[in-house]
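Working through the structure, step by step
What follows is each chain in one-letter form.
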Amino acid sequence: MKSANPLSDALHVMAHLVGQPGPRTSEQLAACLPTHPVVIRRLLAQMHKAGLVNSTRGHGGGSQLARDAATITLHDIYLAVGAPALVQVGTRNAGQGCPIQQLVNNALLEGAREAQRVLEARLQATTLDQLGADFARHLAHHRSLEGHHES
């Protein structure tokens, strides 16, 4: 899977670290995403630099959360991956070129700014443990459906 969304990938990786009793290797995490372990190592390096994960090299090494998942917001992870624009509007050279493109960009810009504010507020209000709890509920629901179909 090739992803153009480092935030989504980072959230995915971090969610897999919630509740783990020990470190997870980049190979293990890459199988979950799925992607190449090098991509995971780059993401984990960003998370480590932001103080969100601890990583150990060598046999028995890997990465794990540096602090309790309840103290890590999705916004922390967003900042760790460089705070990419969550809403894309127009073209990169909005001040040049076609006048229609300039009008379109201006028409969309304020809405995009508001959407960015709303999304960032949601990221600030959601912790990694909440994401993990949502996943656990989702998994339990699907397992109960599978058991129901088997009878």
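Scroll up a little and you will see the structure.
Overview of the structure. (Residues numbered from 1 in each chain as written. Predicted model: local features only at pLDDT ≥ 70, side-chain atom pairs only at ≥ 80, totals over all residues. Heavy atoms only, no water.)

Another point: the nonpolar core. Within the largest apolar cluster, 25 residues are counted, with the highest numbers of intra-cluster contacts made by M14, M47, I77 and L128. Listing elements by their share of this core, those giving two or more residues are α1 (6–17), α2 (26–32), α3 (37–49) and α4 (74–80). Of the residues forming this core, the biggest block, six residues, is contributed by α1. Aside from chain neighbours lying at most four places away, what touches M47 is A10, M14, L52, V53, I77, A80 and V81. (Core = buried A, V, L, I, M, F, W, Y, C linked by side-chain atoms within 4.5 Å. Buried < 20%, exposed > 50% of the residue type's maximum accessible area, 1.4 Å probe, protein only. Helix = DSSP H or I, 4+ residues; strand = E, 2+ residues; numbered from the N terminus. Contact = heavy atoms within 4.5 Å.)

For the rest of this paragraph, the subject is helix α5 (residues 99–125). Compared with an ideal rise of 1.5 Å per residue, which puts 27 residues at 39 Å, α5 spans 39 Å between its outermost C-alpha atoms and is within 8% of the ideal. Packed against the buried residues of α5 are α1 and α4. (Expected span 1.5 Å × (residues − 1).)

Looking now at the pattern of salt bridges. Scanning the model with the defined rule gives six salt bridges in all. A salt bridge links R117 to E110; the shortest N-O distance between them is 3.3 Å. Overall, R117 belongs to the partly exposed group, its relative accessible area being 44%. Assessed through its relative accessible area of 46%, E110 is described here as partly exposed. Among the ionic pairs, D134 bridges to R137, the shortest N-O distance being 2.3 Å. Taken together, the residues D134 and R137, both in helix α6 (residues 128–150) and three residues apart, mark about one turn of the helix. Since its relative accessible area comes to 39%, D134 is described here as partly exposed. Each member of the salt-bridge network shares a partner with another, and the members are E110, R113, E114 and R117. (Salt bridge = Lys/Arg side-chain N within 4 Å of Asp/Glu carboxyl O.)

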